[in-house]
Structure formats: C-alpha cells, structure tokens
Amino acid sequence: MEAGEGKERFQKQRQVLIFFVLLGIAQAGSEPRHYSVAEEMESGSFVANLLKDLGLEVDDLAARAPRVVSKGKKVLLYFDRQTGDLLLNEKLDREELCGPTEPCVLPFQVLLENPLQFFQAELRIRDINDHSPVFLDKEIILKISESIMPGTAFLIERAQDLDVGGNSLQSYTVSPNSHFHLKLQDSPDGIILPQLVLDKALDREEQSEIRLTLTALDGGTPPRSGTALVRIEILDINDNAPEFAKQLYEVQVLENSPIGSQVAIVSARDLDIGAYGEISYVFSQASEDIRKTFRINAKSGELLLRQKLDFESIQTYTLNIQATDGGGLSGSCMVFVQVMDLNDNPPELTMSTLTSEIPENLQETIIAVFSVSDPDSGDNGRMVCSIQDDLPFFLKPSVENFYTLVTNTALDRETRSEYKITITVTDLGTPRLKTQHNITVMVSDVNDNAPAFTQTSYTLFVRENNSPALHIGSVSATDTDAGANAQVTYSLLPPQDPHLPLASLVSINADNGQLFALRALDYEALRALEFRVGATDRGSPALSSQALVRVLVLDANDNSPFVLYPLQNGSAPCTELVPRAAEPGYLVSKVVAVDGDSGQNAWLSYQLLKATEPGLFGVWAHNGEVRTARLLSERDAAKHRLVVLVKDNGEPPLSASVTLHVLLVDGFSQPYLPLPEAAADPAQADPLTVYLVIALASVSSLFLFSVLAFVAVRLCRRGRAASVPEGLFPGRLVDVSGTGTLSQSYQYEVCLMGGSGTSDFKFLKPVVPNFLVQGEERVSEANPSFRNSFEFS
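Rules behind the numbers
- Residues numbered from 1 in each chain as written.
- Predicted model: local features only at pLDDT ≥ 70, side-chain atom pairs only at ≥ 80, totals over all residues.
- Heavy atoms only, no water.
- Helix = DSSP H or I, 4+ residues; strand = E, 2+ residues; numbered from the N terminus.
- Buried < 20%, exposed > 50% of the residue type's maximum accessible area, 1.4 Å probe, protein only.
- Contact = heavy atoms within 4.5 Å.
- Areas by Shrake-Rupley, 256 points an atom, 1.4 Å probe, with all protein chains shown as cover.
- Phe/Tyr/Trp six-rings, centres within 6.5 Å; stacked < 30°, edge-to-face > 60°.
- Pairing = 2+ DSSP bridges.
- Axes fitted to C-alpha atoms, helices over the stretch in contact; angles between N-to-C directions.
- Patch = residues over 30% accessible without salt bridge, like charges linked within 9 Å, V, L, I, M, F, W, Y side chains within 5 Å.
- Salt bridge = Lys/Arg side-chain N within 4 Å of Asp/Glu carboxyl O.

Thoughts on the overall build of the chain
Here comes step 1: Of regular secondary structure, the chain possesses nine helices and 52 strands.
Here comes step 2: Per-residue burial over the chain gives 40% buried out of 793 residues.
Here comes step 3: Once local pairs closer than 6 in sequence are excluded, the contacts in the chain between residues at least 24 apart make up 68%.
Here comes step 4: Roughly 43600 Å² of accessible area belongs to the chain as shown, and the carbon and sulfur atoms make up 53% of that amount.

What follows is the structure in structure tokens.
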C-alpha cells in the first residue's frame, strides 16, 4: 500500500518538473520583435502595424486595452487602438537617446489586459545626416621649430561629428600652401586623425607664422563640413620632446567624488633647458564630455574633476594628455578613468493603470498596475516592493518588475470611505534607498442610511400679525451617506386634522428646511399649530424620517380697548344724574371696557381726558369709576360732558375714548328728557352690541324707576315726621356704600372669554340701597382717605 502511494507521488513530481521545463523552453524561445524608424521623423509617424504580431483583430483592441510601456519617464511610442498601428509620440533624436552607440536600440513592451499579457519588442533608430563636423577649437595653434626636417608629420586636433556610420566624419582637406600637405591616419578604434606633413623646410626669419584652413567632411548626401584655422608658429630649434613617466595611467574614482577633487597626476620631462624645457599639459583628442568633466593643470599635470561623475551615464573615460615643451615638441600619454558605482539612485515607480474610486462590497478588485526600476547596478539595483500591513489590499507580482495592487476583501464605505495607500520600493544597496508613491482610493456609497433630524420635535414662536412669507424657524436633518444619497429634501406631511388648512398657513424650503408663515397669523383666532415634517434623501430607493413641529403664536397689541358701558352707538347719548347735594367721592358712573388681547396687552387704565369743568370729577385709574372730586355748588353748570380715555398696557399702547354726559339735578323727581347733542353715527351694530344696548336700557330704566319710587316714599315719611328743609334731599347726602348711583341699583360682573370673538355680560340681583342719614363727621371718620383714592383731572 505504501509502495503504491510512493509511486503515485513520484509521478506527480515528475509531471510538475516536466511542466516547468516546457515553460522555461517556451519563454527562452520568445525573442522580442524588431522594428526600425529613422530619427527626426514627425510625431505621429507610422512605425509598424502590430495586429499580426500580437495575434489580435481590430475588434479585440477595445477589450484588451493595449498600451505601450517603456523604461524611463518619457513615453516615445503610443498604440493606436483604432487601427493597431504603432506610432511615434514625439520626434526622436538618435544622438540624444544613444550618443555614439550603434546600433541605437530602444526596448519596449506592449501591455495587454483581460487577461494580463506582455509583448516584448525593440525599436531601432536609424541615423540621418543631421549634424555637421565641428572643431571644438576654432583656432588650432602649432608651434614648429625651424629645424624640423621635411617629411615630419604633425598631429592636429580632429573634428567631432555626432552622426554615425556613413554619415560620420570621413575626410579632411587643407587650404593650398607650399609648406605642408595633409595626411590622414586611421586610429585603432577607427577614428580618422589629420596630420600636417612638412614638405619644405621652414625659415622663421623668412616667415614666422603660417595660417591654413582645415576642412572636415562627412559621408552624408549631400556631405556636411566644418572648418578650423590652423595657425603655425615657427620656433627656434628644439631637439628634445617631452617624455611621460608612464604611457598609461589607470585610476578608479567614486561617482560621488566632489568637484575639484584630484583624479590623477601625470608627469613628463624634457632634457632641454630654458624655454625649450618648460612643459605644459593639455588634453589631446578630447571629446566634449571629457572637457566638461575634467580639467588639467597646465603647469603641474594634475587632473581634476570639473563636474560630478555619474556611473549610470558613463562608466569609463579615456583621456589623451599631451605634454608640449617651449620648443613645440610634444609627447602624449593615456589616462584610463573607471567610475565606481554607489547606491545614489532611489528606485523609480511608473504607474500604468490606476482606479481611484471603487464601489463597496466587491471582492478582489484591481486598483493599480505599475512597474519599478533602479538605474544602479548589482545589489544597488535590486528592489523590494511593499505596502502598509493594516490595509485590506495586497501586492501581486507580475513579469519584469510589474506589480498589481488588489483588494483582499469587500470594502464598507460607512466604516471607512477613503484609503491612503503608500507603495514603498526599497533597493538592497548600502545605504538602502527607497521611493514612496501615495494612492488615494475612494469607496463609493450605496443608500443604506435614512436622514435623521437633529431633534425629534421643534418648538417655534411667531408673533401675530406677521408679514406674509416670514421665516419663523428651521428644521435640520443629516444623512451619513454620501453624494445624492445624502442630499436631503424637506416636505410638509398631511396633518392629522383634515380641517386644518396647513398648506395655506406654513410652507417649507425643500432644500434647507426653512419654515415660512404664508399669511398673517391671529393670536385671537389661532394660538398654536402642530404638524409633522419629513426629510427624504435622493437615493434609490429613497429613505425618509419625520419630526414634530409646534408653532406657538405670540400675542401682539393689535386690539384697542372696547367700551361696553356707556354705549356709544345708541341713538341718544347716555346721561348720568347727579344730585347737587352729593359729597366728594360720589360715584357718578363706571366705564366698563374690555380688550381682545391677552397678558399686559389687556391691562386697562382709565383717565379723564376732557371735562366741561376741570376739577369737578375724577376717574379711578384701575376700575373706571367716575366720582365727584369736590362738593357741588349752585354755580356749577347743570350739564357736563366728560371724555374718558381707556388705554391698554401694550407696546405701543392702544386706546379708546368714551363720552359721558352728566346732569346735575336738585332732585330725581324732575322729569328730564335729554336732547341729543349730535346725531348718532349711522352704523350697523352687530348682534352682541344690540343685545348689550337692550340689556343696559332695561337696567337703566328699572334703576331710574326704583330710585324715583324710593325717593317718593322717603319724602312722604319725612313729611309726616318733621319739617323738611329746602330741596328734596338733605343738605349733605353721602353715599355710604361707596358705590354711587350706578351701584345703588345693580352690580355688574363682566366675564371675558379668552380666545372668543364675543364677550359675555351678565347681571346679578339688585342690592337694596341704604339711605340712612349719617352725620358728616361719621362719614369723614369712616372714610378718612376717600378723597385720595381717585385720580382727578
């Protein structure tokens, strides 16, 4: 049994091994495709059609979403998804991209999605003749001793041409002269070096300087050229040339070496003496890069750095240094400089695809696709990629330093709506360098939260008689969702009382919850209003909530006092009878008024506004009682007109006035029919006023008859008992009860129903008057402050 299981396990291991061997053979055989294009072609130029190489049809391009990915930050190519053509994204300069390297090949990849696939390719950039040969020195100086024998060759500075191949520098020419001809020499590395060969011996005394024009020609069609002036200074005889101690100097320099640091020191010596033995050091056949990077001390031969070294750009430099003595003889040596790499470049991250917003509740969603690179070498160029551990995401490695950022669980926006992901790429150099790239991922919302009011109920106050469309308050609701799911709309809900015209009383702003009173409210008609408001979001399906709103109407002083007695709308004015024998404080009448307002707006005060004879009558400020202020005399007029002002305690106060007619009589037995002083104002009385007029007229008539009957009986009794003095009444008649003529017959109780449009006025049973004659002293003793209890005008 165990032998069978071992055999089966061995077969499975062999199948896995065969699978990996076949996979390695397939990947080893997949060579990149090669394409070529000439430099300096316009942006958008056609390179190749990749449909056949990719194995796709035009209809597949939209689904596979192909894109070109290359190293570096510049994207030189782009893929046309409509035709499958590979096009240039910008002009390509071969010299800028590759320098002297030939061939100039740029690798790139085509990234396909659904499923993820990479297509390897290379683009070769063909050179065109777009650069002319250039002499770095426009004037070349040669110092030649006159003792030089004919046939001697002088190496002169060569020209530089950035083009390569057949477009590079091919030949030189020199202007016609009788002393020199041009000789071209090929160097081991294929560079053509120009040399001037002396044809005729020089004579400094005959000619001290010779000027020649040196022309460099390339092999392009048509050829390009560059010129330089060769100025030959003829020197005296110098028979020893400088010689270097070594022909080859090899040095190693760290790429972070500071500017001005020493690279090497070269040394040459000359056996001559004097000016012929003085040696100066210069670069020979140096390129522009060498001249920008290094400088040499002409006297000491010290080689110094002029700018920073960069291993990633150039790894080695070969410098030719020429030592020339005062006589023009020279010797040369070579310095080989090797740049040592340091971990001075942090890794680079290139984002290919990024999705910044994903819906919640989805599993394993691709967030981003990116690649990493490091231009350093060795361990300095090896990288490790990571993200934070506390996030619901993970990195999935792919081919050639490509990674995919994927969610590892469903996301909940209510728990967390935003994730800040930091992708950290660290190399393995010393010290380790890292690059961080921040990504913000938003989680989109679904409508799963209903709006919530800040309060379950709101109480608002508004003063009556408000202006229409007055803002009386606001309600507010919030929704924890986002976007349209959190946009709240407010509305009035149908009231529980179907007879309440809520739509004509209150409105609500659907956007901000502000409540408005549509019309002026009347406290006397409506003191409170209660209704419900709703808040609904704009999600699908929509969610809603409710809140209770109570509106309390505050009273305003908008009702003037209304005088119940004496009536002012009768056909004839009301006249009060006062005996001339009345004592001070005698109650003449009582003004009864009501106010439809409430609180201090309904507190009434009375004052005598106008009188026929000031000082004769006074009005009690709090109950409206009109009393005599002094003793009456025969000189006082018989008829008096009093105007009483009734004023409430509102702000501002409102008032009403009533006119009271008083007739002074010697006795109540005299018939008195008052004539109307003015015609009554034609007005249509309301039912309450009519009832009040009838009731008061009945009471007044009964009261008058009772008084007359009582006076007659009283007079008859006094006539039998003793003689009666002049007049029908005693000389000093005092109202002992303190109620006056009005209360001698009846007492009134006024009952005002708050919130009612009418007032109830009821009468109590008559009180039997007491006319016991008292002495003046007793009255004064019983009411010592009687005169001080009134307000007089």
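A few points about the packing of aromatic side chains
Here comes step 1: Per the counting criterion, the structure on display carries nine aromatic pairs.
Here comes step 2: Look at Phe118 and Phe402: their rings are 4.7 Å apart centre to centre, the planes differ by 50 degrees, and that puts the pair in the tilted class. Taken as a pair, Phe118 in strand 7 (residues 117–126) and Phe402 in strand 29 (residues 402–407) lie far apart in primary sequence, 284 residues in all.
Here comes step 3: Taking the relative accessible area as the measure of exposure, Phe402 reaches 4% and is therefore buried.
Here comes step 4: Ring centres of Phe294 and Tyr317 lie 5.1 Å apart, and the angle between their planes is 80 degrees; this geometry places the pair in the edge-to-face category. Placement of the pair is Phe294 in strand 20 (residues 294–296) and Tyr317 in strand 22 (residues 316–324), with a sequence separation of 23 residues.

As for the sheet that holds strand 40 (residues 544–554)
Here comes step 1: Spatially, the four strands line up as an open sheet ordered 33-40-39-36, and their pairing is mixed. A strand with exactly one partner marks an edge of an open sheet, and here the two such strands are strand 33 (457–463) and strand 36 (488–492). Pairs of neighbouring strands in the sheet enclose a mean axial angle of 30 degrees, with direction left out of account.
Here comes step 2: With five bridges joining them, strand 36 and strand 39 (residues 528–537) adopt antiparallel strand pairing. Residue pairing for strand 39: Ser491 is matched across the bridge by Gly534.

Regarding the environment of Phe531
Here comes step 1: Within the secondary structure layout, Phe531 lies in strand 39.
Here comes step 2: Along the backbone, Phe531 and Leu492 are 39 residues apart, and their C-alpha atoms lie at a distance of 7.9 Å.
Here comes step 3: Residues contacting Phe531, with those up to four places away along its chain left out, are Leu492, Leu502, Val506, Leu515, Ala547, Leu548, Val549 and Val551.

A few points about the sheet that holds strand 13 (residues 209–218)
Here comes step 1: In spatial order, the strands read 8-14-13-10; together these four strands make up an open sheet with mixed pairing. Only two strands of the sheet have a single neighbouring strand rather than two, namely strand 8 (139–145) and strand 10 (169–174). The average angle at which neighbouring strand axes cross in this sheet is 25 degrees, direction not considered.

Observations concerning the pairing of strand 38 (residues 514–517)
Here comes step 1: Pairing geometry for strand 34 (residues 470–474) and strand 38, over four bridges, is antiparallel. When the bridges of strand 38 are listed, Leu470 appears paired with Ala517.
Here comes step 2: Inspection of the sheet shows strand 37 (residues 506–508) paired to strand 38 by three bridges, in the antiparallel sense. Paired with Ser507 across the two strands is Phe516, which belongs to strand 38.

Side note on the side chain of Arg413
Here comes step 1: Position of Arg413 among the secondary structure elements: in the loop between strand 29 and strand 30 (418–427).
Here comes step 2: Setting aside chain neighbours within four positions, we find Arg413 in contact with Glu360, Val443, Ser444, Asp445, Thr480, Asp481 and Ala482.

Examining a nonpolar patch on the surface
Here comes step 1: A contiguous nonpolar patch, built from Phe461, Leu552 and Leu554 and spanning about 240 Å² of accessible area, is present on the exposed surface.
Here comes step 2: Within the element layout of this structure, Leu552 appears in strand 40.
Here comes step 3: By relative accessible area, which is 31% here, Leu552 ends up partly exposed.

As for the environment of Gly618
Here comes step 1: The residue Gly618 is located in strand 46 (residues 617–619) in this model.
Here comes step 2: Residue Gly618 is classed as buried on the basis of its relative accessible area of 0%.
Here comes step 3: A sequence separation of 26 residues divides Gly618 from Val644, and the C-alpha atoms of the two residues are 9.8 Å apart.

Structural notes on unusual backbone geometry
Here comes step 1: Following Ser540, the chain continues into Pro541 via a peptide bond in cis, with omega recorded as 0 degrees.
Here comes step 2: In this chain, Glu651 is followed by Pro652 through a cis amide linkage whose omega measures 0 degrees.
Here comes step 3: Tracing the chain through its elements places Pro652 in the loop between strand 48 (639–648) and strand 49 (655–665).
Here comes step 4: Positioned with a positive phi, Asn114 is a non-glycine residue whose angle comes to about 55 degrees.

Some remarks on the environment of Thr478
Here comes step 1: Examined against the element boundaries, Thr478 turns out to sit in strand 35 (residues 477–478).
Here comes step 2: Sequence separation between Thr478 and Thr454 is 24 residues, and the spatial gap between their C-alpha atoms is 7.5 Å.
Here comes step 3: Leaving out residues up to four positions away in the same chain, Thr478 has contacts with Ala450, Pro451 and Ala452.

Geometry only, nothing functional implied.
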